[in-house]
Structures are given as structure tokens and as C-alpha cells.
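Take a look at the letters that make up each chain.
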Amino acid sequence: MSHDRFVNRHIGPREAEIQEMLETIGISSMEELMEQTVPANIRLKEPLKLKEGLTERRYFRKILSLAAKNKVFNTYIGMGYYDTITPAVILRNVLENPVWYTSYTPYQAEISQGRLEALLNFQTMVCELTAMEITNASLLDEATAAAEAMVMMFNLRSRQMIKAGVNTVLVDEKVWPQTLDVLATRANPLGIELKIQPKDSFDFSENVFGIIVQYPNSDGEIVDYSAMVKNAHEKEIKVAVATDLLSLALLTPPGEWGADIVFGNSQRFGVPMGYGGPHAAFFAAREDFKRHLPGRIIGITKDVHGNRALRMALQTREQHIKREKATSNICTAQALLATMAGFFGVYHGTEGIKTIARRIHNITAFLAQEIEKLGYKQLNNHFFDTVRFALPKHVKREDIEWLSLELEMNFRYFENGEVGISIDETTNREDMTWILEVFAKAANLPWSVVHEYPKGHEIDQKFARQSEFLKQEVFNIYRSETEMVRYIKRLEHKDISLTQSMISLGSCTMKLNAATEMLPLSWIEFNGIHPFVPKNQARGYHEMMEELRRDLAEITGMADVSLMPNSGAAGEYAGLMVIREYHKSRGEDQRDVVLIPSSAHGTNPASAVMAGMKVVVVECDEKGNIDLEDVRKKAEQYKNTLSAFMVTYPSTHGVFESSIVEMCRIIHDNGGQVYMDGANMNAQVGLTTPGIIGTDVCHLNLHKTFAIPHGGGGPGVGPIAVASHLVKFLPSHPIMNNGHVGINAVAGAPWGSASVLPITYGYIKMMGAEGLTKATQVAILNANYIAKALEKNFGVLYTGENGRVGHELILECRHLKTSAGITEADIAKRLMDFGFHAPTLSFPVHGTLMIEPTESESKQEIDRFIEALNTIFNEIKEVENGKADKTDNVLKNAPHTAEVVTSDDWKHTYPRGKAAWPLEWVKQNKYWVPVGRVDNAWGDRNLICTCGSPKEYELMNEQ
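These numbers were taken from a predicted model, which means no experiment stands behind them.

Trainee: Got a minute to help me understand the overall build of the chain in this structure?
Mentor: Scanning the chain from terminus to terminus reveals 32 helices and 25 strands. Compactness check: the chain gives a C-alpha radius of gyration of 28 Å against a globular reference of 30 Å for 959 residues, within 12% of the reference. Overall, the chain is about 85 × 70 × 65 Å in size when its C-alpha atoms are taken along their principal axes. Taking all 959 residues of the chain together, the buried fraction comes to 67%. When the accessible surface of the chain is summed, it comes to about 33,300 Å², and 47% of that surface belongs to carbon and sulfur atoms. Taking the average place of the 99 positive charges on the side chains of the chain and the average place of its 118 negative ones, the gap between the two points comes to 1 Å.

If you want it as C-alpha cells, here you go:
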């Protein structure tokens, strides 16, 4: 392999070190390790048919040439996507900053206080603008947020309603068409009757449990829904409102006229359109519904010292705990994008956001007046940023279209020939002149140049917002760039990310997100395009996506790929819906049973239930393998209703099970399809494929195996790859032809989170077949190296038939609780004192730690991690043999803050140095946790989810 190949930058251990590691685990070669780890009957006979990996320089030129094929027009289509100005201080210090984009979901609160505060700001901003009481820290997109609202209202039905079979949701036809399509996808398998009709024809019969409306609606019209909400509530009907967050700076917020749920997209708050995503959806509700809210909620609590601290609250990981009883399968959020939107709010504050909103409305109102003077009929009575025009008889839609394209503009075109214009933050005087030029030329009339920005157009008083918002200090003190960048850096320094140290989370694959892969995200040629523009304006995107689909199909051994699902859990759901549609096409609608191993990710059973299926659990044996005989027994038992078998491979226990091919055969023999959870695909690439194994559909976590960063909990991308007989069922889109004609959409955008796809594209192009295969081999090597180093002290819970683990391992900790009273959580907290993020805690086996080193970590870093864990083991032995106190020891008191270590009042039985610098190398790069161990129970008893809340100060003062 040539020295200048990217693979040498991506993979951590050097060739000499690889040989040392192989010798340590008693292996002579990498091939021998693969033979002992991966069953021979599923190994690839030939290398992947991918092009040779490019150097970083050659790839940069390639992606630059693709970017040049995208044409960035001024786009006034709207429909939930708008151009915006990302403040450079946020672009450079958040989106382009690996501290923010390589951090993990903040499950370990003590080392996540910075991103937790950023997300708390986002929640506060959403609550303030919507006038709702509680919100989460983002969902995937507006369309899927609408679906979550529908399901939440369905689950909130009273016992009487459930008994009476109430199952109808009324949806205004003026909701975004892409949202309507996703609602149709999600309603059907749950037995929800979706009635899409004009809101004036809503019939509040006894069979209705919920209503969904848009404010302003799809035409741009501002509608007074207050009377409708009152009538609905009298009949115990819940009301969910899709809204434009920016418009609420000027409009009466839905919370003030009685909405139960308010959702939408925060994209206008400094997040580029990116050809459809990723964007952070928001979802707010009344506090009464806090335990039904989907997704993650950031809450305020205190630490062990009584100091204010933040953490994720309530049902944050309910899908992993409740499994098939979960009310949502949400796993990935859009944390990085929510962080950006929250910082946008912090930087601009009330007056800045109002100024942007007023300017947009003034321009819209001015254009409405001027275009009407040209003979067009403006159809909106009340509007914020969008107006719809009926054309004069002598003007055709085609006239408007070709004239606008000549001036590099895109408008919205309705089926009846009418034209819509949505104004955004970027629209300037020159743009206004060009818009008027198009309408004037089409009507054969003169126009004048706009010389100044219009003013004085006010929202009608009956719709105008009277209440104040964003009065909290954080939204009022960071106006200069100097202060803003310092605030971002203060938060940044509170967190552990991949820039600090290895993140060893099992099943999460925290690998290198290379700078070359990330660079195109900031280019306007990729992030400045609306998802509904004509395809010929996005030729570079489509060339890239076609190549990416082909490469992913080759890597998985499948026939085709849909890029639409915008998270791993969304991919699970989409794959199951494809299987469901396949059975229906064969007249086998009764097939609704899904077999799922007890070791599976919690999202698997949750996704199955969301797809309208019944979950039957398959047991695992004492070695952690799926019980083959139980698979056979249950497949035969349910052979007439068997829909699918969901399997993770290698298993969630980190083992390549040799019986996997036989399992797939059993399922197929009994009429079912095999769904593979792609979470552990990092152990397959180049060695085997889901296709060879016998899978019919699998999802891929591009934010794991294929190098898209986690971003503090998202963006995630979860495309699905399918066998040839399932291709025709891949999700379609109601507005854009995305190349598929199957089930309804599973996301709002035709190609999902398109703007992060260049990352995976770059990863595959620069690694090539040889590099991808080596990455998999080294990931497996690193895991086995760690297993060898830790098995004596801790014990490794599961191994394959030859005593090898896959790309991850489960460290046994339960015996330490028995012998010394030390739990896996104590070990996790103590690792923070060494500067490490904890492994995955108590999943999939309670009382254990799951470790996945990935291929990107160097031998030096892995050795430090091993030394840290073995040092912790020795500290546990000190407790066990009485040398250290059972309650006052470094593990029970971890993590140690600088404030505690430097306090004049040190009363512990161990020295300060042992607490702060347990090993010499820790001194060289000491990470100080900002808070001590957090009190989760206190935070859940006293739920506070916005910053600067009077309740917060009151409760904290009581303590």
C-alpha cells in the first residue's frame, strides 16, 4: 500500500505495532486472526469491487469538481426550507470544530456539561418562542416530528377513547405535502385513520383523538385556530401545531392559544439548507405530557456537592429499557444542529431575531403589493413570509418559470398554475428587483429598481405577538463576536470529545472523522441548495449520490440503497416497512410477527412495534449466542404469520456467530425476511457482507461505520440496502423523484440528510477496497488486543468459538460489586479522572462495560486506556483487601473536580494526588470535570428543562 494513501492517516496502529499486537494475542498474522474470528462460510472470496483509494489531494480535487456541478440559485420555494445566514463565529467554532462534532451523546453527564448547556439553550429558546412548557433537545426533521406528534396524541387517548376504538386524526390539507406523506407512512401500521381535508370541514366526531394544523399554513396564510382548539378540547381532542419558529417572533405563539403540541424545524436559525438536511426539528408540549415526549430532554439537577449540573432526563433512553413497550423508536437526535440553532439564538437575542423576522415580513409585504400592481392576484389575507399569486390570463406559469431560471431564481409552482414566493433572511434589495423583473416581464410591463429596504408593514394586531421572550441572561450578553467565541470556548472546555482522548463506547464506533471528509460541509455548493430545486441544479449531488449508492450496495452485497432514512432507528423502521409492503404485495398481509433476539438493540423491538408488528423474543445461550434451536422453534411456530427476523451481526455481544447462515435459511424456509441491524457493520466491511450471509435488508449507520461524526448525538444517517426483490418497495417522495416508487416517504427530504453524505463518500473513495478491509481487520485486532490485556483482571464475558471477540468486547464487572462493592458506574466515573470517556454502561448486559476501540485509535492511546483500567482494577483490589475505605475511596468519590482537589478542607482517606493524577501521563493532558457525580434522581423529581427558570433558583436554594 502506497505511503501517501489516506488509509495510513485513518488507521491508528503502524505496521510494526500491528505485528507487536498480533504477537501479544498469540497470532502470527492478520489473516490468521480473521480465520479465528470470522466464520469461513461467510468470508468474501474476492475483494470488494471498488476503485483504488484516492490520496487526500486527489479526492479534494474530485469533490471540488462535483461541487462545481451544483448551481446555487436564489430560492424562494419555502415549504419548510429557507436560506439563512450562519454567523461565521458559529460556523468556524461549532460546525467546523471537532470538539463539537466528534463528541458523543451526553449519556455521561459529568463530561458533557458544555454540550448539555448548549442544548438547554436550544430547549429554552424553543419554549420561549412557542410559549410551551417543555420541549426536547431536537428530533430528526419536521415531517417525522409530525409523525411523533400524531403517535403521541394516539398514546394519550383516555381509557374510554381506547375502549371505544377512537382512532382518527384530522390533518389540514394545508400542511406541507412532505409531512402529509410521512404521516401516511406512520399512521397505517398503527391502525390510525388519517383524514386529510380542509380544516373548515373538520368534523369533531367521537372517533377523533387529534388534530394537526400548520401555522402559517402551506399557502403562507396565518389562520386563527383558537376557536377550533377550544372546540377540540371540549371533546378531549388534542391539537398539534406545525409552525415556523422564526415567525413566532412576530406571531402569537401556539402555546398562548391552547395548542397541546408544537413542532417544526429550527433550520432558519443559522443551519444551512444542505439539500434537505440535517436539521434539528423541535418538539414542545404541555408539561402534563412530559413522560410521553419522544426523544431526549435536557434537565437541570445538582451534583454530589450540591452544585448545579445538567443531564439527560426522564425517558431519554426509554427505547433501550422499554423495548417493545416504548412509545417511540427515537435514538439519534440532531444535537449538533440544535446546538448551532441555540447559539444562533444566544448571539442574536430577542431584538436580533425580531429584526430578522420584521425585515422578512416587510420585504414579503412590499413584493405582494408591487406584484399585485402588475396584474397578479395575491391570495393571502394574512401572511408572514410567503405569498401565493394567481396569474393574469395572458401569463402562463411557464413564462414565470423560464424567466426566473434565467435570473437564477426558483419559485414554488402549484398544480393549478399559481406561483408562491417565500422570502428569507438573505433576501436583499437586488433580489427584490430581480423578483419584480420576472413578474413584470411575464406580464409585458415595466418595473423599477428597489433602492431601499421596505419598512412599516405590520402583522395584523389580531395575530401579532404581545408577549416578551428570551429575557434570560444567556440570550442578552453575547452580542460581540469576542464574547460569543469566549462563551463557545468555555462550554467546549467542559467536554470530552475525540480531540481529548479515545472514546471506547461499544456499539457506537467513535472513529476518526477526517478533516478532508468534513471540508465540503461548509461549501455553499453543498449547503446552499434547497431540496426541491430542479435536479439539474444539483448534478454534483446526484453524481455523488449515485456513486455512493453503488458503493454501499457493493459493500453490503445488496442490489440497491435508499439514502432517505435520517438515523439508524429510522433505517430500522424503513426496512421493516419495506418488508411489510413486500408481504402485502404477495397477498400475505397476515405476516406481522418479528423474531428479535434478547440481546438486540432496544430500538429493534421499538421499531418493530412502530411498524405495526408483534415482537417475539428469541433467547440467547449462556455464551451470549442466539439460541439456534429457539430460532427454529419460533420460526416454525409462527410460520404462517412470520414477517421478519431482526439480527445484529456480529452480535451485540461482539461475537461472529457461526450459525448465522443457518438462522437466515430457517427464516426464509418459514416465509420470513431477514433484517440485519447494521450497527456492527464496522466488523464486516471487506470481510463479509449481509448479502452473503443471507440478509434481505439492512440499515447502515453512516455515523458509525462510515465516518460521519456523532456531533454530540446527531447528525445520524441510516440508509437501507435491500436485495433485488425488495428494490421496488424502497421509499418514494411526494415532490421529487428520488429514483424509488415504493412505500411513502419516511423523512421530509427526498435524499435524507444529504449535506453530510460527502463525508461517507470521501471515506469510501479515499479508503478504497483495500483500505476498508484493513480498517475492519484493525478494528478487530484492536478489540482482541484490549481483551487480551484486560481478561485476567476483569474477564471478557463473551467470545467466539476460537476465543476471539469481534470489533467490540464486553468487560465483566459484576464480580467486583460482590467482592468490593464497586459497580460498573464507579469504574466509568473513575475513568473520567484519567481523561477518558466511559465505555457503554450496562448494555447489553447489566453490570458490564462494552468497549469498541475502532481502527482509528493508535496503539499508544489503546495502551493508555488499558493502563487506566488496570490501575482502576488495582484500586478496586485496595478496597477489596481493606487498604482503601469501602465508602471513602477514589472510585466512589469519582470524578474529582479541581474545586474539590484544591479545597482547603480535604477530609478523604486517600491523597489528593491519587484523586487527580492517578498516573504520571495524566498530568500532561489533565481534563478537569466541571461537576462532581450528578444526582439523576433529584433532577427527575424536580424537572427543570429551561435555563434561568425561577423554579430552578427556588429549588436549588432550598438545598
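Trainee: How do you make sense of the pattern of salt bridges when you look at a structure like this?
Mentor: In a structure, side chains of opposite charge can pair up when their charged atoms sit close to one another. Taken as a whole and assessed by the stated rule, the structure comprises 51 salt bridges. A salt bridge links lysine 199 to aspartate 200, with the shortest nitrogen-to-oxygen separation between them at 3.2 Å. When its relative accessible area of 24% is taken as the criterion, lysine 199 is described as partly exposed. In this structure aspartate 200 comes out as exposed when scored by relative accessible area, which is 68%. Note that aspartate 826 and arginine 933 form a salt bridge whose closest N and O atoms lie 2.8 Å from each other.

Trainee: Just checking my understanding: could you explain the sheet that holds strand S6 (residues 238–244) for this structure?
Mentor: Two strands in a sheet stick together by hydrogen bonds in their backbones, pointing the same way (parallel) or opposite ways (antiparallel). Pairing within the open sheet is mixed, and its seven strands lie in the order S2-S8-S7-S6-S5-S3-S4. With one partner strand each, in any of the chains shown, strand S2 (134–135) and strand S4 (193–197) form the two edges of the open sheet. For S2 and strand S8 (residues 281–285), the ladder comprises two bridges, and the chain directions are antiparallel. Of the residues in S8, the one forming a bridge with isoleucine 134 is alanine 285. On top of the sheet, helix H7 (residues 113–130) reaches S2, strand S7 (261–265) and S8; it is set at about 60 degrees to S8, its chief contact. Across the sheet, helix H11 (residues 226–234) is in contact with strand S5 (208–215) and S6; its angle to S6 comes to roughly 150 degrees.

Trainee: Could you clarify how one ought to interpret the sheet that holds strand S23 (residues 809–812) in this entry?
Mentor: The strand order S23-S25-S24 describes an open sheet built from three strands, whose pairing is antiparallel. Each having just a single partner strand, S23 and strand S24 (840–841) make up the two edges of the open sheet. Helix H25 (residues 757–790) contacts S23 and strand S25 (848–851) of the sheet and is inclined by roughly 15 degrees relative to S23.

Trainee: Would you mind showing me how to read the side chain of arginine 465 here?
Mentor: Looking at the element boundaries, arginine 465 is found in the loop between helix H15 (429–442) and helix H16 (481–492). Only 2.9 Å separates the side chain of arginine 465 from the backbone oxygen of leucine 248, close enough to count as a polar contact. When near neighbours in sequence (up to four residues on either side) are disregarded, arginine 465 contacts Glu128, Leu129, Leu248, Ala249, Leu250, Leu251, Thr252 and Pro253.

Trainee: How should the packing of aromatic side chains be read in this particular structure?
Mentor: Geometry of an aromatic ring pair is reported as the spacing of the ring centres plus the angle between the planes. Per the counting criterion, the structure on display carries 28 aromatic pairs. With centroids separated by 5.8 Å and ring planes inclined at 40 degrees, the aromatic side chains of tyrosine 225 and tryptophan 257 adopt a geometry described as tilted. Taken together, the residues tyrosine 225 in the loop between S5 and H11 and tryptophan 257 in the loop between S6 and S7 connect sequence positions 32 residues apart. Pair check on accessibility: tyrosine 225 and tryptophan 257 agree, each one buried. Aromatic side chains phenylalanine 526 and tyrosine 541 sit 5.2 Å apart centroid to centroid with 85 degrees between the ring planes, which places their arrangement in the edge-to-face category. With phenylalanine 526 in helix H18 (residues 524–527) and tyrosine 541 in helix H19 (residues 539–556), this residue pair connects regions lying 15 residues apart in the sequence. Looking at phenylalanine 526, the relative accessible area reads 1%, which means it is buried. We classify tyrosine 541 as buried; its relative accessible area is 0%. One aromatic cluster is present, built from ring pairs that chain together Phe60, Tyr275, Trp523, Phe526, Tyr541 and Trp751. Sitting above the plane of the phenylalanine 154 ring, arginine 157 keeps its charged end 3.7 Å from the centroid.

Trainee: Looking at this structure, how should I read unusual backbone geometry?
Mentor: Excluding glycine, most residues fall at negative phi; most peptide bonds, likewise, are trans. The linkage connecting tyrosine 649 with the following residue, proline 650, adopts the cis geometry, with an omega of -10 degrees. Along the chain, the position of proline 650 falls in the loop between strand S19 (642–648) and helix H23 (660–669). For the peptide bond that leads from alanine 894 to proline 895, omega is 0 degrees, which places it in the cis range. Examined against the element boundaries, proline 895 turns out to sit in the loop between helix H28 (859–880) and helix H29 (898–901).

Trainee: For this particular structure, what's the right way to read the environment of histidine 725?
Mentor: By the element assignment, histidine 725 lies in the loop between strand S22 (720–722) and H25. With relative accessibility at 29%, the residue histidine 725 sits in the partly exposed group. Remark: the alpha-carbon pair of histidine 725 and tyrosine 582, spanning 143 residues in sequence, is separated by 8.4 Å. In this structure histidine 725 touches Tyr582, Gln673 and Asp696, once residues within four positions along its chain are discounted. Polar contacts involving the side chain of histidine 725 include one to the side chain of glutamine 673, which spans 2.7 Å.

Trainee: Can you walk me through the packing of helix H14 (residues 397–406) against H15 in this structure?
Mentor: Two measures define how a pair of helices packs: the angle their axes make with one another and the distance between the axes. Two elements in contact, H14 and H15, have axes separated by 9 Å at closest approach and are oriented at 140 degrees. In terms of orientation, H14 lies oblique with respect to H15. Both H14 and H15 take part in a crossing whose hand is right-handed. Residues Asp399, Ile400, Leu403 and Ser404 of H14 lie in contact with H15, whose contacting residues are Val438, Phe439, Lys441 and Ala442. Grouping the amino acids of the contact of H14 with H15 by side-chain chemistry returns five nonpolar, one polar and two charged.

Trainee: Help me out: how do you make sense of the pairing of strand S3 (residues 168–172) in this one?
Mentor: Consecutive side chains of a regular strand alternate in pointing toward one face of the sheet and then the other. Within S3, five of the five residues are buried, leaving the element largely enclosed by the surrounding structure. Where burial is concerned, the two faces of S3 agree: the one with Thr168, Leu170 and Asp172 and the one with Val169 and Val171 are both buried. Pairing of S3 with S4, which is carried by five bridges, proceeds in the parallel orientation. Residue pairing across strands places aspartate 172 opposite glutamine 197, the latter belonging to S4. Each parallel crossover has a hand, and the one from S3 via helix H10 (residues 177–187) to S4 is right-handed. Note that S3 and S5 share four bridges and pair parallel.

Trainee: I'm lost on the packing of helix H20 (residues 568–585) against helix H21 (residues 603–610) in this one. Help?
Mentor: Here H20 crosses H21 at 45 degrees, and the two axes come no closer than 9 Å. In terms of axis orientation, H20 runs oblique to H21. The element H20 and its partner H21 pack so that their crossing is right-handed. From H20, Ala569, Glu572, Tyr573 and Leu576 reach across to H21, where they touch Thr603, Asn604, Ser607, Ala608 and Met610. In terms of residue class, the contact of H20 with H21 is built from five nonpolar, three polar and one charged.

Trainee: So what exactly am I meant to see when it comes to a nonpolar patch on the surface here?
Mentor: Taken together, Phe60, Leu64 and Leu519 make up a surface patch of nonpolar side chains, about 240 Å² in accessible area. With respect to the helices, strands and loops of the structure, phenylalanine 60 is situated in helix H4 (residues 56–68). Judged by relative accessible area, which is 30%, phenylalanine 60 ranks as partly exposed.

Trainee: Would you explain the side chain of arginine 388 in this entry?
Mentor: Secondary-structure assignment places arginine 388 in strand S12 (residues 386–390). Excluding anything up to four places from it in sequence, arginine 388 contacts Lys174, Asp219, Lys377, Gln378, Leu379, Asn380, Phe414, Asn416, Glu418, Val419 and Gly420.

Trainee: Help me understand H20, please; the structure alone is not making it clear to me.
Mentor: Each full turn of the α-helix corresponds to 3.6 residues, which orients residues three or four apart in the same direction. In this model, H20 (18 residues) spans 26 Å end to end at C-alpha, consistent with the 26 Å of a helix rising 1.5 Å per residue. Residue serine 567 occupies the N-cap position of H20, its side-chain oxygen lying 3.3 Å from the main-chain nitrogen of alanine 569. Positive backbone phi, approximately 70 degrees, marks glycine 587, located one or two places after H20.

Trainee: Hey, could you run me through the state of the cysteines in this one?
Mentor: What is meant by a disulfide is a covalent connection between two cysteines, made through their sulfur atoms. Scanning all chains against the criterion turns up zero disulfides. Cysteine cysteine 127 is unpaired, with the sulfur of cysteine 945 as its nearest cysteine sulfur at 7.7 Å. On the basis of relative accessibility, which here comes to 7%, the residue cysteine 127 falls in the buried class. As a non-bridged cysteine, cysteine 664 has cysteine 698 as the owner of its nearest cysteine sulfur, 11 Å distant.

Trainee: It is not clear to me how the pairing of strand S9 (residues 297–302) should be interpreted in this structure. Could you clarify?
Mentor: S9 sits mainly inside the fold: six of its six residues count as buried. Here S9 shows two buried faces, one formed by Ile297, Gly299 and Thr301 and the other by Ile298, Ile300 and Lys302. Summarising the sheet, S9 and strand S10 (residues 308–313) pair through six bridges and their orientation is antiparallel. Across the sheet, the residue bridging to isoleucine 298 is methionine 312, located in S10. Hairpin geometry of S9 and S10 is characterised by an intervening segment of five residues between the two adjacent antiparallel strands and by a positive phi of about 90 degrees at glycine 306.

Definitions and cut-offs
Residues numbered from 1 in each chain as written. Predicted model: local features only at pLDDT ≥ 70, side-chain atom pairs only at ≥ 80, totals over all residues. Heavy atoms only, no water. Helix = DSSP H or I, 4+ residues; strand = E, 2+ residues; numbered from the N terminus. Rg over C-alpha atoms; globule rule 2.2 N^0.38 Å. Buried < 20%, exposed > 50% of the residue type's maximum accessible area, 1.4 Å probe, protein only. Areas by Shrake-Rupley, 256 points an atom, 1.4 Å probe, with all protein chains shown as cover. Lys, Arg positive; Asp, Glu negative; His and termini not counted. Charge placed at Lys NZ, Arg CZ, Asp CG, Glu CD. Salt bridge = Lys/Arg side-chain N within 4 Å of Asp/Glu carboxyl O. Pairing = 2+ DSSP bridges. Contact = heavy atoms within 4.5 Å. Axes fitted to C-alpha atoms, helices over the stretch in contact; angles between N-to-C directions. Polar contact = N/O pair within 3.5 Å; in protein donor to acceptor, adjacent residues only side chain to side chain. Phe/Tyr/Trp six-rings, centres within 6.5 Å; stacked < 30°, edge-to-face > 60°. Lys NZ or Arg CZ within 6 Å of the ring centre and 35° of its normal. Parallel < 35°, antiparallel > 145°, perpendicular 65-115°, else oblique. Left-handed = near helix turned anticlockwise from the far one by under 90°. Nonpolar A, V, L, I, M, F, W, Y, C, P; charged D, E, K, R; others polar. Right-handed = clockwise from strand over helix to strand, strands pointing away. Patch = residues over 30% accessible without salt bridge, like charges linked within 9 Å, V, L, I, M, F, W, Y side chains within 5 Å. Expected span 1.5 Å × (residues − 1). Disulfide = S-S within 2.5 Å.

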